[in-house]
Amino acid sequence: VQLQASGGGLVQAGGSLRLSCAASGRTFNNYLMGWFRQAPGKEREFVAGIRWSSGITYYADSVKGRFTISRDNAKSTVYLQMNSLKPEDTAVYYCAASRGTGWIDHRAYDYWGQGTLVTVSS
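What counts, and where the lines are drawn
- Residues numbered from 1 in each chain as written.
- Predicted model: local features only at pLDDT ≥ 70, side-chain atom pairs only at ≥ 80, totals over all residues.
- Heavy atoms only, no water.
- Salt bridge = Lys/Arg side-chain N within 4 Å of Asp/Glu carboxyl O.
- Phe/Tyr/Trp six-rings, centres within 6.5 Å; stacked < 30°, edge-to-face > 60°.
- Helix = DSSP H or I, 4+ residues; strand = E, 2+ residues; numbered from the N terminus.
- Buried < 20%, exposed > 50% of the residue type's maximum accessible area, 1.4 Å probe, protein only.

(A) Highlighting the pattern of salt bridges. Within this structure, the stated rule accounts for six salt bridges. Two residues, K64 and D61, come together in a salt bridge whose shortest N-O distance is 3.1 Å. One continuous salt-bridge network, built from bridges that share partners, spans R37, E45, R66 and D89.

(B) Quick peek at the packing of aromatic side chains. Tallying each qualifying case throughout the model produces ten aromatic pairs. Considering the side-chain rings of F36 and F46, the 5.6 Å spacing of their centres and the 80° angle between planes classify their relative orientation as edge-to-face. One end of the pair, F36, is in strand β4 (residues 32–38); the other, F46, is in strand β5 (residues 45–51), with ten residues separating them in the sequence. You'll find F36 and F46 in the same group, each marked buried. Between F36 and W112, the aromatic rings sit 5.2 Å apart at their centres with planes inclined by 55°, giving tilted as the arrangement. Linking F36 in strand β4 with W112 in strand β10 (residues 111–112), this pair joins segments that are 76 residues apart in sequence. Overall, F36 belongs to the buried group, its relative accessible area being 0%. Its relative accessible area of 28% is what places W112 among the partly exposed residues.

Rendered as structure tokens:
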């Protein structure tokens, strides 16, 4: 099983980025896919999640209305569209897959990608 995250970079405040998470090695139809982030000196936090089969989504309050998570079944890829970026969004972003039902607890996720760095300058 492999989750390959990409799309990070340096962007000015107010700008946009789209992260991608390519999933391979198994079928993820029954999985919950999540994006997490971890800033220096801080704990890993939930950002957004999507249930692959139904498309149901869930967002952290801090990103609601600015970020959108989606998936492309044909490409086995999950996306995180990030708009109106703020300096406090700066972090390493990770995609993850869970066979469970809980969105927020990173310990519930079974597989993790390698992370991609997002830096938002003020």
